[in-house]
Amino acid sequence: MRFDDLAPQSEDSPGSVAERARVASRSTWVSVAVNLVLSVGQVLVGLVSGSQGLVADGVHSASDLVADFVVLLASHHGRKDADLEHPYGHQRFETGASLALGLLLLLVGCGMLWAAVLKLESPAGVARVHVVALWVAGVTLLAKEGLFRYMLAAAKRVKSSMLVANAWHARSDAASSLVVGVGLIGNLAGYSLLDPIAALIVGLMVARMGWGFAWDALHDLMDRAVDEQEVQAIRDTLLQTPGVQGVHDLRTRKMGDMIVADAHIEVDASLSVEQGHEIAVSARERVLRRHRVLNLMTHVDPWQRPDRDHAAAEPARHAAAS
C-alpha cells in the first residue's frame, strides 16, 4: 500500500509518531473488546451447537486478540526516540509486528485446514448443527465488518501499514464469518459436509493472508525500496530546491512506515563549500517536510563535472562482480 506525501509534521499531525501511537492504542483496544466478546461467544455456541465452522471462526477471533497485543507492544516501542543502539529510531518494531501478525495468521490458517481435513475424512461424524449457530455467525459478520471499516479508516488517517494489516485481519474474520454462515445454511438444509468445507475455506483464506503479510514485512526488513512513484516525488522535491541543478543516485529504504534516503545533488561548481552546504541543508529540510522521510543523507557534487568519488566506485563494483 502506498501513502501520499505528508504535510509538515507537528507532534499532533496525522503522520507524527505521537498521533500514530495514540490512534494505534485507541483502535486496538476497541478491537480487543470486540474480539474478546466474539471469540468467547463463537467457541461456546459452536461447541454447544456442534458447528466446527463456528468453532474455527471463534479460534480465528481469538487469534486476533494475540495480534492486537502484538500491535500494542509494537506501538509502545516504535514511538521511542532514537538512541545510541538505534540511531534511526525504533520504527521497525512496526515491521516486526506485521511479520509476527502474518506468521500468526499463517499458523492459525494451517491449524484450521488440518482440523477441517480430519473432519472431512470422517463424514459420518458430521452432525446437523443448531440454528442458533447461524444467528451467531450473522452477528459476528456484522461486528467484524464494522470493526474493519473503523480500523482501516484510522490506519489510513495516520498512514500506518501495521494498522492496515491489523484492519485486514479483522476483514478476514468478516469474510470467514460469511463463509461459515453459508456452510451453516447448507448444513441446516441437509448438506452436513458444508460446515467442515466452510472451515476448510476459512483456513485457506487465513493462511493466504498471513503469507502475504509475512512476505511483505520480510522484504521491508531487508531494506526494500519504496515504489518508483514515491521516489520520483522525492526527486522532484530535490530538483525544485533553489540551487540544485541535478539529482542522481537517489536511494531509499523503508524504516517501518517511514523512509530513509540518500541522494547526490548537483550544484554550480563555482559556489563555495558553505553555499553548497546551505543548498544541501535546504534540500534536506524540504524533503523531510513534504514526505514521510525520516532522514535524508545528501552528497554534494559539482554540476556538469565528473563525479570522481562516484566514478571510482563503479570499477570497484564491476571488479567485485567479475
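Worth saying up front: this structure is predicted, and the values here are computed from it rather than measured.

### Quick word on a nonpolar patch on the surface
Taken together, the side chains of Tyr 191, Leu 193, Leu 194, Ile 197 and Ile 201 make up a nonpolar region of the molecular surface, amounting to roughly 420 Å² of accessible area. Relative to the elements of secondary structure, Ile 197 occurs in helix 6 (residues 194–221).

### What to know about the environment of Leu 163
With respect to the secondary-structure elements, Leu 163 resides in helix 5 (residues 161–188). Leu 163 sits 95 residues away from Asp 68 along the chain, and the two C-alpha atoms are 9.7 Å apart.

### Considering the pairing of strand 3 (residues 293–302)
Direction of pairing for strand 2 (residues 258–267) relative to strand 3: parallel, over a ladder of nine bridges. The residue of strand 3 that forms the bridge with Glu 266 is Asp 301. What joins strand 2 to strand 3 is helix 8 (residues 273–290), and the crossover it makes is right-handed.

### Description of the confidence of the model for the protein chain
For the protein chain, the mean per-residue pLDDT works out to 77, and 80% of the residues sit at or above 70. This stretch, residues 1–15, has a pLDDT under 50; its non-local contacts, to residues over four places away or in other chains, come to 42 contacts.

### Looking at the nonpolar core
One finds Leu 54, Met 112, Ala 137, Val 180, Leu 184, Val 202 and Val 206 to be the most contacted residues of the largest nonpolar core, which totals 21 residues. Elements represented by at least two residues in this core include exactly helix 2 (52–78), helix 3 (92–121), helix 4 (132–158), helix 5 and helix 6. Setting aside residues up to four positions removed in sequence, Val 206 forms contacts with His 60, Leu 105, Leu 106, Val 108, Gly 109 and Met 112. Counting 18 residues, the second largest nonpolar core, distinct from the first, contains Leu 238, Leu 250, Ile 259 and Val 267.

### Overview of unusual backbone geometry
Residue Asp 249 is not a glycine yet carries a positive backbone phi of 55 degrees. Within the secondary structure, Asp 249 sits in strand 1 (residues 246–255).

### Quick look at the pattern of salt bridges
Oppositely charged side chains may form a pair once their charged atoms are brought near each other. Applying the stated criterion across every chain yields a total of four salt bridges. Between Arg 292 and Glu 230 there is a salt bridge; the shortest N-O distance is 2.9 Å. Note that Arg 292 is positioned in the loop between helix 8 and strand 3 and Glu 230 in helix 7 (residues 228–239), a separation of 62 residues in sequence. Measuring nitrogen to oxygen at the nearest pair gives 3.1 Å for the salt bridge that ties Asp 262 to Arg 251. With Asp 262 in strand 2 and Arg 251 in strand 1, this residue pair connects regions lying eleven residues apart in the sequence.

### Concerning the sheet that holds strand 1
As summarised here, the arrangement of the three strands in space is 1-2-3, forming an open sheet in which the pairing is mixed. Of all strands in the sheet, those with a lone pairing partner are strand 1 and strand 3, marking the two edges. For this sheet, the mean angle separating the axes of adjacent strands, direction not counted, is 15 degrees. In this fold helix 8 packs onto strand 2 and strand 3, with an angle of close to 150 degrees to the strand it touches most, strand 3.

Analysis parameters
- Residues numbered from 1 in each chain as written.
- Predicted model: local features only at pLDDT ≥ 70, side-chain atom pairs only at ≥ 80, totals over all residues.
- Heavy atoms only, no water.
- Patch = residues over 30% accessible without salt bridge, like charges linked within 9 Å, V, L, I, M, F, W, Y side chains within 5 Å.
- Areas by Shrake-Rupley, 256 points an atom, 1.4 Å probe, with all protein chains shown as cover.
- Salt bridge = Lys/Arg side-chain N within 4 Å of Asp/Glu carboxyl O.
- Helix = DSSP H or I, 4+ residues; strand = E, 2+ residues; numbered from the N terminus.
- Pairing = 2+ DSSP bridges.
- Right-handed = clockwise from strand over helix to strand, strands pointing away.
- pLDDT = per-residue confidence, 0-100.
- Contact = heavy atoms within 4.5 Å.
- Core = buried A, V, L, I, M, F, W, Y, C linked by side-chain atoms within 4.5 Å.
- Buried < 20%, exposed > 50% of the residue type's maximum accessible area, 1.4 Å probe, protein only.
- Axes fitted to C-alpha atoms, helices over the stretch in contact; angles between N-to-C directions.

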